Amino acid sequence: METQSYLPVPPGVGMEENFLSLDDILLSHERLPSRTECTFPRLGFLEKSSDSRDIQEGTKMEMPLFLAKGLYERKRRVVSVELPKVYKEGWRTVFNADPTVVDLHKMGPYYYGLGSQLLHFDSPENPEIAQAVLQTFIGRFRRTMDSSQNAYNEDTSALGIWCHLEPKATGQKRKD
């Protein structure tokens with residue numbers, strides 16, 4: 001009989017978060033490109049590229065998702081978050097053409113989760129991001145299901161360009 005050291009906690013769904021889930025904890029540490037909208041006194045040590053004592057207004061830096069969400073306010077602009085490159089229009093065009101050719105794990109293992117978390121930030125591109133993430137999942141899921149149902153005594157591990165969620169849906173293990 002196999003025992004586990006802990007019981008797995010499923011990740012949150014969509015914009016929800018489950019703070020007991022290891023996947024959600026790792027997702028919250030994904031770095032987002034951001035820009036400060038005000039000066040942060042005596043926090044210059046956090047910005048390695050600067051010798052200044054303060055983080056000046058307009059400084060571009062990467063910060064973890066949990067920190068960006070905490071500092072982002074609609075009323076009082078403390079930071080503004082820019083889209084990671086995989087969610088910009090160029091990559092959305094690639095995903096619309098054929099979502100199965102992209103190795104989502106290399107682009108960021110939490111493509112779906114981070115995409116849904118980006119909807120917390122006001123962006124004129126939010127509807128396009130949501131649509132792209134949804135259509136990417138549909139296209140990749142359709143290909144995975146088609147391969148799993150039509151593969152008779154064939155190795156389906158060639159579909160191994162998954163993000164971290166996709167192998168869980170098919171019961172296969174990811175080979176890195």
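Above this note sits the structure.
Here goes a summary of the coordinates provided. For clarity, every value in this text was computed on a predicted model and none was experimentally measured.

### Notes on unusual backbone geometry
Located in the positive-phi region is arginine 42, a residue other than glycine, with phi close to 60°. If you trace the backbone, arginine 42 turns up in the loop between β1 (31–36) and β2 (60–64). Classification of arginine 42 by relative accessible area gives exposed; the value is 57%.

### Concerning helix α6 (residues 126–150)
Look at α6: 36 Å from first C-alpha to last across 25 residues, which is about the 36 Å you get at 1.5 Å a residue. Regarding α6, the residues found buried are Asn126, Ile129, Ala132, Val133, Thr136, Gly139, Arg140, Thr144 and Ser147.

### Side note on the sheet that holds β2
The three strands lie next to each other as β2-β1-β3, forming an open sheet whose pairing is antiparallel. Taken across any chain shown, the strands that pair with only one partner, and hence form the sheet edges, are β2 and β3 (79–81). Sheet twist, expressed as the average angle between the axes of neighbouring strands with direction ignored, equals 45°. As defined by bridge partners, β1 adjoins β2 across five bridges and the pair is classed as antiparallel. In the sheet register, serine 34 faces β2, and the bridge partner there is methionine 61.

### Thoughts on the nonpolar core
Within the largest apolar cluster, 26 residues are counted, with the highest numbers of intra-cluster contacts made by Leu32, Tyr87, Tyr111 and Phe121. When residues in this core are grouped by element, the largest group, three residues, is from helix α5 (residues 111–117). Residue contributions to this core reach at least three from each of two domains, namely domain 1 (11–82) and domain 2 (84–170). Setting aside its immediate chain neighbours within four residues, tyrosine 111 contacts Val86, Tyr87, Phe95, Leu104, Ala132, Val133 and Thr136.

Calculation rules
By convention here, each chain's residues receive numbers from 1 onward along its written sequence. Reporting of local features is limited, given that this is a predicted model, to residues whose pLDDT is at least 70; pairs of side-chain atoms are given and counted only at 80 or more, and all residues count toward the totals for whole chains, interfaces and linings. Heavy atoms throughout the structure, all of them, feed into the side-chain values; hydrogens and water do not. Helical segments are the DSSP runs of H or I of at least four residues, strand segments are the runs of E of at least two, and each set is numbered from the N terminus. Exposure is judged per residue with a 1.4 Å probe applied to protein chains only, and the accessible area is read against the type maximum: over 50% gives exposed, under 20% gives buried, and values in between give partly exposed. The span you would expect from a helix comes to 1.5 Å times its residue count less one. Pairing between strands is defined by DSSP: at least two bridges between them are needed. Comment: axis = line fitted to C-alpha atoms, over the contacting stretch for helices; angle = value between 0 and 180 degrees taken between N-to-C directions. Only buried residues count toward a nonpolar core. Its members are Ala, Val, Leu, Ile, Met, Phe, Trp, Tyr and Cys residues joined through side-chain atoms within 4.5 Å. Where a domain begins and ends is set by an automatic assignment or by a domain database. When checking whether two residues touch, look at their non-hydrogen atoms; a contact exists if any pair is within 4.5 Å.

None of the figures reported here should be taken as evidence of function without further support.
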